[in-house]
Amino acid sequence: MFGTISDPPPEHRRGLSGAGIARRIAAPPGHARTPQASMKASIRQRLDRSIDRFEEVGRLLADPATAGGSNEFRELSMEYARLTPLAERYRDFRELESEREAAAQLSADSDPQMRQLGAEEVIRLEQALAVGELELRRLLMPKDPRDERNIYLEIRAGTGGDEAAIFAGDLLRMYARYAERRGWQVETISENPGEHGGFREVICRVIGSGVFSRLKFESGTHRVQRVPATEAQGRIHTSAVTVAILPELDELDSIDINPADLRIDTFRASGAGGQHVNKTDSAVRMTHLPTGIVVECQDERSQHKNRSRAMSLLRAKLLAAEQEKREAAQAQSRKLQVGSGDRSERIRTYNFPQGRVTDHRINLTLYQIEEIMDGRLDELIEPLLQEHQAELLADETG
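The paragraphs below set out a description of the structure included in this document. The model shown is predicted, which means the values in this text are computed figures rather than measured ones.

## Looking at the overall build of the chain
Right, so step 1: Check the secondary structure of the chain and you find 12 helices and 11 strands.
Right, so step 2: Buried positions account for 44% of the 398 residues belonging to the chain.
Right, so step 3: If you take every contact in the chain between residues at least 6 apart in sequence, the share linking residues at least 24 apart comes to 65%.
Right, so step 4: For the chain, the accessible area works out to roughly 20600 Å², and carbon and sulfur atoms hold 48% of it.

## Let's talk about the packing of helix α3 (residues 41-62) against helix α5 (residues 112-140)
Right, so step 1: One can describe the packing of α3 onto α5 by two numbers: an axis separation of 11 Å at closest approach and a directional angle of 60°. Here α5 runs oblique to α3, going by the angle between their axes. In this structure, the crossing between α3 and α5 has a hand that is left-handed. Counted together, Ile-43, Arg-46, Leu-47 and Ser-50 of α3 and Leu-136, Arg-137 and Leu-140 of α5 form the full contact between these two elements.
Right, so step 2: Looking at the contact of α3 with α5, its residues break down into four nonpolar, one polar and two charged.

## Some thoughts on the packing of aromatic side chains
Right, so step 1: In total, this model carries three aromatic pairs according to the counting rule given.
Right, so step 2: Ring centres of Phe-167 and Tyr-350 lie 5.3 Å apart, and the angle between their planes is 65°; this geometry places the pair in the edge-to-face category. Of this pair, Phe-167 sits in helix α6 (residues 162-181) while Tyr-350 sits in strand β9 (residues 346-351); the two residues are 183 residues apart in sequence, bridging distant segments of the chain.
Right, so step 3: Given the relative accessible area of 0%, Phe-167 is considered buried.
Right, so step 4: Overall, Tyr-350 belongs to the buried group, its relative accessible area being 0%.

## Some remarks on the environment of Ala-176
Right, so step 1: The topology assignment puts Ala-176 in helix α6.
Right, so step 2: Among the residues examined, Ala-176 registers a relative accessible area of 30% and is labelled partly exposed.
Right, so step 3: C-alpha separation for the pair Ala-176 and Val-186, spaced 10 residues apart in sequence, amounts to 6.7 Å.

## So, the nonpolar core
Right, so step 1: If you look at the biggest cluster of nonpolar residues, it comprises 37 residues, and the most contacted ones within it are Ile-155, Leu-171, Tyr-175, Leu-215 and Tyr-350.
Right, so step 2: Mapped by element, the contributors of at least two residues to this core are β1 (151-157), α6, β3 (199-207), α7 (211-215), β5 (237-247), β11 (364-366), α11 (369-373) and α12 (378-397).
Right, so step 3: The dominant element in this core, judged by the number of residues it contributes, is α6, at eight residues.
Right, so step 4: For Tyr-175, the contacting residues outside a window of four places in its chain are Leu-153, Ile-155, Leu-215, Glu-218, His-222, Val-243, Arg-348 and Leu-377.
Right, so step 5: Of all hydrophobic cores here, the second largest spans 20 residues; its members include Tyr-152, Val-295, Leu-318 and Ala-320.

## Details of the pairing of strand β7 (residues 283-288)
Right, so step 1: The buried fraction of β7 is high, at five of six residues.
Right, so step 2: With six bridges joining them, strand β6 (residues 262-267) and β7 adopt antiparallel strand pairing. What sits directly across from Leu-262, in β7, is His-288.
Right, so step 3: Bridge count for β7 against strand β8 (residues 293-297) is five bridges, and the pairing is antiparallel.

The rules behind these values
Residues numbered from 1 in each chain as written. Predicted model: local features only at pLDDT ≥ 70, side-chain atom pairs only at ≥ 80, totals over all residues. Heavy atoms only, no water. Helix = DSSP H or I, 4+ residues; strand = E, 2+ residues; numbered from the N terminus. Buried < 20%, exposed > 50% of the residue type's maximum accessible area, 1.4 Å probe, protein only. Contact = heavy atoms within 4.5 Å. Areas by Shrake-Rupley, 256 points an atom, 1.4 Å probe, with all protein chains shown as cover. Axes fitted to C-alpha atoms, helices over the stretch in contact; angles between N-to-C directions. Parallel < 35°, antiparallel > 145°, perpendicular 65-115°, else oblique. Left-handed = near helix turned anticlockwise from the far one by under 90°. Nonpolar A, V, L, I, M, F, W, Y, C, P; charged D, E, K, R; others polar. Phe/Tyr/Trp six-rings, centres within 6.5 Å; stacked < 30°, edge-to-face > 60°. Core = buried A, V, L, I, M, F, W, Y, C linked by side-chain atoms within 4.5 Å. Pairing = 2+ DSSP bridges.

So, in structure tokens, the structure goes:
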């Protein structure tokens, strides 16, 4: 589900001891692990606990009793990979602290030139330490447990008629190209083609490592401004397409659905697939009566497989609805709606005559519309991730 888990660094398979790992992180000789004024004691304690866990995981991975390929080995490898950047940054931070201490001693030297040199070095190191501490705080922030999950991508044509459907198809291609660049897979769950191209609605499952972490800010209304191919007088039209990103449920997620609350209909699938598709009632439409949520799946030839996929999508929608209710108050204070499936907010405008894309949540405008529509989305996604991290950091620091 999450791709191949790479083995830990070679030294672990050679049986590097915990002491060997500790030497990588420990402060230089002569400098004890004592709190410095530049960092709160509570933050340093959290860092020290994380490093202790990093060392413990290293010892467990080096233990021959931890069988390679087992679930335990896989989970430990993932944890080690997650903690490694923090351990390396903290090691660098401690080295900077040691350099600052040496510079402070130099700034008290009897030689005026040496004092000036030491004072200048203290200023430089203080600035580097401030940047380093901010990075460590960011690494300490709790990870969204859904970040590594696959997603359901729903794209629906909104206002704008045929042009909205055509743009829905353009957005699907954009996301499919982005998925291809990142080595993800895209599976079509259901589709409702537009009369003149594109889609009235299309639902896909995107599979790969970290899919939700990259696309969780795409939910909302995407507006397009351009001259439609059907426009004879060259007038610019404005249309809208809504996107919802729903994380796929983990096996541990519990959403109980009473079978009595479901209405399940079967029908003949439309679209590609040959004679078999047209002659078999393999497609499934599932309606959750208490909420009115309807899902369809017509991708597989097997009705059983379509039913299973439809149930997975329905569970994801019900969980997203519950989470949206719980987090509504908190979300109102934030610019970014994360993975709630919320379609109401206008998040982005694609202006083709001007060649620009504007993300209204962070006031970001890029004049790279061709590249973006070709799936080069990182220049949009990275600033959104940075804004989200800044909000989380602001919440944590009060």
